[in-house]
Each structure stands twice: as structure tokens, then as C-alpha cells.
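As a plain string of letters, each chain reads:
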Amino acid sequence: MLDTSNHIPLRDVLAGPALNEFGSFKPLIDRLRRPLRDLRISVTDRCNFRCVYCMPREVFGKDHVFLARDSLLSFEEIERLARVFVSHGVEKIRLTGGEPLLRKNLEFLIERLATLRTLDGKALDIALTTNGSLLARKAQSLRDAGLSRVTVSLDALDDHLFRRMNDVDHRVADVLRGIEKAHAVGLAPVKINMVVKLGTNDQEILPMARFFKSSGMVLRFIEYMDVGVSNGWQMSEVLPSEQVIARLNHEFPLLPLDATAQGETAQRWKYADGTGELGVISSVTRAFCSTCTRARLSAEGKFYLCLFGSQGHDLRRLVRINPQELPLADAIAQIWHGRKDRYSELRGSDGASVLTTDQPRIEMSYVGG
Ligand code: SAM
Ligand code: SF4
Ligand code: SF4
């Protein structure tokens, strides 16, 4: 029987690994027949920005209590868990946060992850999502450690607006330098994520497209999502991707592209003049749960099956009491087998939540994007 609480009983864990007839782990399929392919690992819940849609200052102020240092998974523990996830079919790992570049010596973790091989013997695809503030300084060492590519969040080119949105008065020029450096050292293709909040930064859609068109980088427009409880989300502040595309099409004719991989979050478009591509991520208006192959691990080792999951499964306890990998493998298999999350598909088309008010909601800064 699947354990759905945070606490995974030891007797279930010791029941034995999910091995196939060749003695290796079977790729995992959840209740909706979705495989486990991507793992997002949050390495910290701290951030040096206070983006208004993610960590509003009123909630994440001086009194906010962040995770204690000894409650974070160590790099060795993350590597052990990642190894098990990879043995279950994970091919892509994305490091996130909070701001992942705030985690000291992150390069050491990347070096460890870069030694892992997928079930068919390939190197793992290791990506990082960052606000870019420390990227100019770190891009080369991240690349040298084995990072494959980077996604930089950037919500405006206008310095005044950018400072207002990050709410710590951080200059856009530093992030642009980080982006250039990442591109130059080959953390490619660099992707740029812009969260569009209607009435706040939607006037930046066209300037951003003009700036990144022909750059070899891929700009993606993300619908503002109802993650967590702290951002005071309202449907009236969401600009549907369809309207983003219509605005862009006005200036740059666009053609749709096919998805490159199952479970891809972005719908891809190319500029008709052949100068590159862009994407839209329509988490609110066009749910993609049916192909969602993503699992999430919080910085303190909680395993979440969905961005809107209200409960995480405590893998830190398991990794700390089990020197072997088999019990961990079995626990992860049991949890994924029971997965039937599809929040965005169930959410009303008017944006009405399907979570009750007494269900805890995780914050994006806790579990990563
Ligand atoms: N700090 C890093 C950064 O900003 O790239 C990594 C963590 S951040 C939580 C990951 C991504 O989530 C970012 O691209 C951010 O823009 C996005 N994000 C945060 N809150 C969001 C929301 N309410 N709706 C849509 N995207 C959101
Ligand atoms: Fe920090 Fe990223 Fe959240 Fe902005 S989106 S507050 S940079 S974690
Ligand atoms: Fe995946 Fe949950 Fe997002 Fe649906 S709502 S795409 S299941 S993370």
C-alpha cells in the first residue's frame, strides 16, 4: 500500500527494490502512466531577491525563518538521492532554489552529479535556474564543474522596473553581464525566463523579444502562476500566452515548432525570418499535466510530486538512516507509483483553486521552479 504521509514507514521501505529481470531498476510509471524523467533539486530556500510574485517582502521580511543549515541535505546526500532517481529513469536534473548560486561551493555538487550516467549510459543533462545576479562571476567555474546549461530569470530590461520587481534595487546590467558570460562559456543554449504579470511588466514583452531575437538564446514567457499563498495571485493579473503570441506576431511573424521532448513545458515558436526561436509556458491557460514527468526535491529533502503538492515525503530521514541505496530506491518507487497529481488540469478555467484553504501550499522559493 502506498504511504501518502510525510513519514515513510520502515517496513514498507525494506520491502525490497523494484528490479526488472536484468537486475536493474524498472523505469517508473505513475498512476497516469507518466514516467519519472526530470528531477528539480532545490539547494536553498534563501534568495538575495524579493521578487514581488515569489518572495514578497511583506512575507519574506526580517522575521522570516529560513531552513536551518543542518536541516539542508548535504552534497553527499543529494548525490546519493540523485543516483537513485537516475537509476529510476531520471535523465535531467535542474538545480534551483531560492537562489541556487547562494549555496556555497555549488560547483562541488555539480562535479558529483556530472559523474552519474542515465540508464542508457549517457551523461546527465544538468541545468540550473538562477536570477543571474552572481552568474558573471560563476559561469566559468559552473561550466568547468560539468553544468550543461543555464536558465536565467529576467522580467524586464528597463532598469527602473527591474529594480522594482526584484525589490532589492538590483541593477539589470549585472544580470545581462551574467547572461553574456554564460553564453560565452558555452552554457548553451541559454534560456531566459520572463514571468509576465499583467499591469506590472507586460509592456516589456516586445523590448525583451527585440533584445534576444538573433542572440542565439531562447526567450520564454511564463504565465504568472498561483503558486504558494504569499503572492496574492489573481487571475486578472495573468496574461494568457495566446495574447503574448498575438502581441509578438504583430511585430515579428511567428511559426509554431514541434516539441523536442515529451514533457516539455514550453510551446515553441520560431521567427519566420529564421532568426531564432522563443517559447511560452502556459501553466494556467493550457495545462500540461498529462505529460508531466517532473519530481521535486526540496533543500531539506522533501520529495514533491507536483508544484502544487501540499505534502512532501521525507527522504532526508531515509537517506540519513540507510547506508544502502536499495531502501531509498524502493521508497521513491512506491511514492511515484501512487502519483496522480494534475493540479493545473483540475484548476478552473477562471483560475479557481482546487485546493481547500486548510491544505498547506508550498512556495516556489521553497521547492524551486
Ligand atoms: N531564484 C532562481 C530564479 O529566479 O531563477 C530560481 C528559483 S525561482 C523560484 C524559479 C523560477 O520560478 C523563476 O524563473 C521564477 O521567475 C519562477 N517563478 C517564481 N514565482 C512564480 C510565479 N508565481 N509564477 C510563475 N513563475 C514563477
Ligand atoms: Fe528569488 Fe527566484 Fe523567487 Fe525571484 S523568483 S525571489 S530570484 S527565488
Ligand atoms: Fe506537473 Fe503539477 Fe504542474 Fe501539472 S500542476 S504540470 S502535475 S507540476
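Quick caveat: nothing in here was measured; it's all calculated off a predicted structure.

**Student:** With reference to specific residues and values, describe the site of ligand 3.
**Tutor:** In the region of ligand 3, the neighbouring residues are F288, C289, C292, R294, R296, C306, L307, F308, D341, Y343 and S344. For the shell around ligand 3, the secondary-structure elements that each account for two or more residues are β10 (294-297) and α11 (343-346). Each residue belonging to the shell around ligand 3 can be placed in one class, and the counts come to seven nonpolar, one polar and three charged.

**Student:** Run through the packing of aromatic side chains, naming residues and quoting values.
**Tutor:** Across all of its chains, the model carries six aromatic pairs by this definition. Centroid distance F252 to Y271: 5.6 Å. Interplanar angle 80°. Geometry classified as edge-to-face. On the criterion of sequence distance, the pair formed by F252 in the loop between α8 (241-251) and β7 (254-256) and Y271 in strand β8 (residues 267-271) is long-range, its members being 19 residues apart. Y271 matches F252 in its accessibility class, with the two residues each being buried. Here Y304 and Y366 contribute two aromatic rings whose centre-to-centre distance is 6.1 Å and whose plane-to-plane angle is 90°, an arrangement assigned as edge-to-face. Highlighted residues: Y304 in strand β11 (residues 302-304) and Y366 in helix α12 (residues 364-367), separated in sequence by 62 residues. Over the ring of Y271 we find K213; its NZ or CZ atom is 5.2 Å from the centre of that ring.

**Student:** Run through unusual backbone geometry, naming residues and quoting values.
**Tutor:** Along the chain, A188 connects to P189 via a cis peptide bond; the corresponding omega equals -5°. Of note, the phi angle at N105 is positive, near 55°, even though the residue is not glycine. Mapping N105 onto the fold places it in the loop between β2 (92-96) and α3 (106-113). Located in the positive-phi region is S214, a residue other than glycine, with phi close to 70°. Tracing the chain through its elements places S214 in the loop between α7 (205-212) and β6 (218-223). Overall, S214 belongs to the exposed group, its relative accessible area being 52%.

**Student:** Outline the pairing of strand β9 (residues 277-281), supporting the account with residue identities and numerical values.
**Tutor:** Taken across its five residues, β9 has four buried, putting it largely inside the fold. As paired strands, β8 and β9 are joined by four bridges and run antiparallel to one another. Its bridge partner lying in β9, Q267 is registered against V280. The turn joining β8 and β9, which pair antiparallel and follow one another in sequence, is formed by five residues; a positive phi near 80° is taken by G274.

**Student:** Lay out the environment of L254 with the relevant residues and their values.
**Tutor:** Looking at where L254 falls in the secondary structure, it is placed in strand β7. Sequence-wise, L254 and D273 are 19 residues apart; in three dimensions their C-alpha atoms are separated by 8.5 Å. Beyond its immediate stretch of four places on either side in the chain, L254 contacts I245, L248, N249, W269, K270, Y271, A272 and L278.

**Student:** Describe empty space enclosed by the protein, and please don't skip the residues or the numbers.
**Tutor:** With the rule as written, the count across this model stands at one cavity of 30 Å³ or more. By volume, the largest cavity is sized at about 60 Å³. Residue lining of the largest cavity: F49, C51, Y53, N131, S153, L154, D155, F162, M165 and N166, and that is the complete set. Here the element with the most residues in the lining of the largest cavity is helix α5 (residues 159-166); it accounts for three residues. Among the residues making up the lining of the largest cavity, the classes are represented as six nonpolar, three polar and one charged.

**Student:** Would you mind going over the packing of α7 against α8 in detail, with residue names and values included?
**Tutor:** Two numbers describe how α7 lies on α8: the axes approach to 10 Å, and their chain directions differ by 55°. Between α7 and α8, the angle is such that the two are oblique. Judged by the twist between their axes, the crossing of α7 over α8 is right-handed. Seen from α7, the contacting residues are I205, L206, A209 and R210; seen from α8, they are V244, R247, L248 and E251. Residues belonging to the contact of α7 with α8 are distributed by class as follows: five nonpolar, no polar and three charged.

**Student:** Before we move on, could you go through the sheet that holds strand β12 (residues 313-314) and cite the residues and values that matter?
**Tutor:** Judged by pairing direction, the sheet is mixed, and its twelve strands sit side by side in the order β7-β8-β9-β6-β5-β4-β3-β2-β1-β10-β11-β12 without closing on themselves. The open sheet is flanked by β7 and β12, the only strands paired with a single partner. As paired strands, strand β1 (residues 38-42) and β10 are joined by four bridges and run parallel to one another. Considered in β10, the bridge of R40 is made with R296.

**Student:** Got a sec to walk through the site of ligand 1? Specific residues and values, please.
**Tutor:** Not every one of the 19 residues close to ligand 1 is listed here, only the nearest: G98, T130, S153, V195 and M225. Residue M225 places a main-chain N or O atom 2.9 Å away from a nitrogen atom belonging to ligand 1. Here N231 contributes a side-chain N or O atom positioned 3.4 Å from a nitrogen atom of ligand 1. Considering ligand 1 on its own, with 540 Å² of exposed area, one finds that the protein chains cover 95% of that surface. Per-class residue counts for the shell around ligand 1 are seven nonpolar, ten polar and two charged.

Here is what the cut-offs are and how they apply
- Residues numbered from 1 in each chain as written.
- Chains lettered and ligands numbered in written order.
- Predicted model: local features only at pLDDT ≥ 70, side-chain atom pairs only at ≥ 80, totals over all residues.
- Heavy atoms only, no water.
- Near = heavy atom within 4 Å.
- Helix = DSSP H or I, 4+ residues; strand = E, 2+ residues; numbered from the N terminus.
- Nonpolar A, V, L, I, M, F, W, Y, C, P; charged D, E, K, R; others polar.
- Phe/Tyr/Trp six-rings, centres within 6.5 Å; stacked < 30°, edge-to-face > 60°.
- Buried < 20%, exposed > 50% of the residue type's maximum accessible area, 1.4 Å probe, protein only.
- Lys NZ or Arg CZ within 6 Å of the ring centre and 35° of its normal.
- Pairing = 2+ DSSP bridges.
- Contact = heavy atoms within 4.5 Å.
- 1 Å grid on protein atoms, 1.4 Å probe; cavity = no way out; pocket = protein on both sides within 12 Å on 5 of 7 lines; lining within 4 Å.
- Points joined across faces, edges and corners; volume = space filled by probe spheres on them.
- Axes fitted to C-alpha atoms, helices over the stretch in contact; angles between N-to-C directions.
- Parallel < 35°, antiparallel > 145°, perpendicular 65-115°, else oblique.
- Left-handed = near helix turned anticlockwise from the far one by under 90°.
- Polar contact = N/O pair within 3.5 Å; in protein donor to acceptor, adjacent residues only side chain to side chain.
- Areas by Shrake-Rupley, 256 points an atom, 1.4 Å probe, with all protein chains shown as cover.

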